[in-house]
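Listed here are the chains, written in short residue letters.
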Amino acid sequence: MPSIILKARDLVKSFGGLRAVDGVSMDVLDRTLTILIGPNGSGKTTLINLITGIYKPDHGSIVFDGRDITGLPPHEIFRLGIARTFQIPQPFRKLTVLENLLVCCNNPGESFLNAMRRRRWMKLEEEEVERAFKLLKLLNLDHLWDHESWKLSGGQMKLLEIGRALMSNARLLVMDEPVAGVNPTLAHEIFKSLLRLRDALGITIFMVEHRLDIALQYTDEAYVMASGKIISMGRPEDVVMDPQVIDAYLGG
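Keep in mind the model is a prediction, meaning the values are calculated, not measured.

J.: Provide a residue-level description of the overall build of the protein, including the pertinent values.
T.: Helix and strand counts for the protein stand at ten helices and ten strands. Taking all 252 residues of the protein together, 48% fall into the buried category. Of the accessible surface of the protein, which amounts to about 12700 Å², a share of 53% is contributed by carbon and sulfur atoms.

Next comes the structure, spelled out in structure tokens:
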């Protein structure tokens, strides 16, 4: 059985008198694609903002890969191996697809000392380019490597955003509606690419998504939120038949 890579316990986040996240506990298993669903206003985005450090919880804890990350700022959480993509991609539009990935690499930066070690930084650059092409192939973008990113379709930009996030060697990819606004054919391709990445790189994917007709076909585990609480979890086919979930979506 997979180990737990992300563990949340009793998370609470309030805004004024509203408890957007109300005592949420959950486990995300390593090397799975786990989805978080629920009606609008149920607290999903607030929860992923807590996980990625955009918000600090009022109460509770978050543990990633055995380390307590509760309340750490986003850049430290990113450095520890959690990368996030957003609903609207923001690539460097004038850079090529390959260049967009390369600017997201973890590298020691330039210095006088590094400049003197030409053989060392050339080898590092070669390794980064090789890794970028591997990601582009897994994303079916390798044939577009020299295209400026503004020429990509909306769905291709979402794939590029995924590749940029993974150039940091992230172990957990947190995604906010990766197929929002994408036609069904390309939405299926995005999910197939995510599964290829998961299997090839051994990463874990945790996402919020509303396109349940598509997303649940590719999901290992599902959590459902309503009114700031987790109301159901388990296999996708079981979760969608849960009376509490049906009631939450129908507004009964």
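J.: Before we move on, can you summarise the sheet that holds strand 7 (residues 172-176) with the specific residues and values?
T.: Read from one edge of the open sheet, six strands run 6-7-8-3-9-10, paired in mixed fashion. Single-partner strands in this sheet number two, and they are strand 6 (82-85) and strand 10 (229-234). Sheet twist, expressed as the average angle between the axes of neighbouring strands with direction ignored, equals 20 degrees. Pairing analysis gives five bridges linking strand 9 (residues 221-226) to strand 10, with the strands arranged antiparallel. Directly across from Tyr-223, in strand 10, lies its bridge partner Met-233. Sitting on the sheet, helix 10 (residues 243-250) is in contact with strand 3 (33-37), strand 9 and strand 10, with an inclination near 130 degrees to strand 10.

J.: Residues and numbers for the sheet that holds strand 4 (residues 59-64), please.
T.: With respect to topology, four strands assemble into an open sheet ordered 2-1-4-5, the strand pairing being antiparallel. The two strands at the open ends of the sheet, each matched to only one other strand, are strand 2 (18-29) and strand 5 (67-68). One ladder, built from nine bridges, connects strand 1 (residues 4-15) with strand 2; its direction is antiparallel. In the strand pairing of strand 2, Leu-6 is matched with Val-28.

J.: Could you give an account of the pairing of strand 9, with specific residues and numbers?
T.: Of all six residues in strand 9, five are buried; the element is thus mostly enclosed. With four bridges joining them, strand 3 and strand 9 adopt parallel strand pairing. The residue bridging Thr-34 from the neighbouring strand is Glu-221, located in strand 9.

J.: How would you sum up the nonpolar core? Please name residues and give values.
T.: Counting residues in hydrophobic clusters, the biggest one holds 47 residues, and the most contacted among them are Ile-162, Leu-173, Phe-191, Leu-194 and Leu-197. The biggest single contributor to this core is helix 7 (residues 184-201), with seven residues. Grouped together as the second largest cluster of nonpolar side chains are 25 residues, Val-28, Leu-36, Ile-51 and Leu-172 included.

J.: Summarise the environment of Val-224; cite the residues concerned and give the values.
T.: Residue position: Val-224 is located in strand 9. A sequence separation of twelve residues divides Val-224 from Pro-236, and the C-alpha atoms of the two residues are 9.9 Å apart.

J.: Let's hear about the packing of aromatic side chains: which residues, and what values?
T.: Geometry of an aromatic ring pair is reported as the spacing of the ring centres plus the angle between the planes. Inspection of every chain in the model, using the stated rule, returns three aromatic pairs. With a centroid separation of 5.3 Å and 10 degrees between ring planes, the pair formed by Phe-191 and Tyr-218 is classed as stacked. Of the two residues, Phe-191 sits in helix 7 while Tyr-218 sits in the loop between helix 8 (212-215) and strand 9, which places them 27 residues apart along the sequence. Since its relative accessible area comes to 13%, Tyr-218 is described here as buried.

The rules behind the values
- Residues numbered from 1 in each chain as written.
- Predicted model: local features only at pLDDT ≥ 70, side-chain atom pairs only at ≥ 80, totals over all residues.
- Heavy atoms only, no water.
- Helix = DSSP H or I, 4+ residues; strand = E, 2+ residues; numbered from the N terminus.
- Buried < 20%, exposed > 50% of the residue type's maximum accessible area, 1.4 Å probe, protein only.
- Areas by Shrake-Rupley, 256 points an atom, 1.4 Å probe, with all protein chains shown as cover.
- Pairing = 2+ DSSP bridges.
- Axes fitted to C-alpha atoms, helices over the stretch in contact; angles between N-to-C directions.
- Contact = heavy atoms within 4.5 Å.
- Core = buried A, V, L, I, M, F, W, Y, C linked by side-chain atoms within 4.5 Å.
- Phe/Tyr/Trp six-rings, centres within 6.5 Å; stacked < 30°, edge-to-face > 60°.

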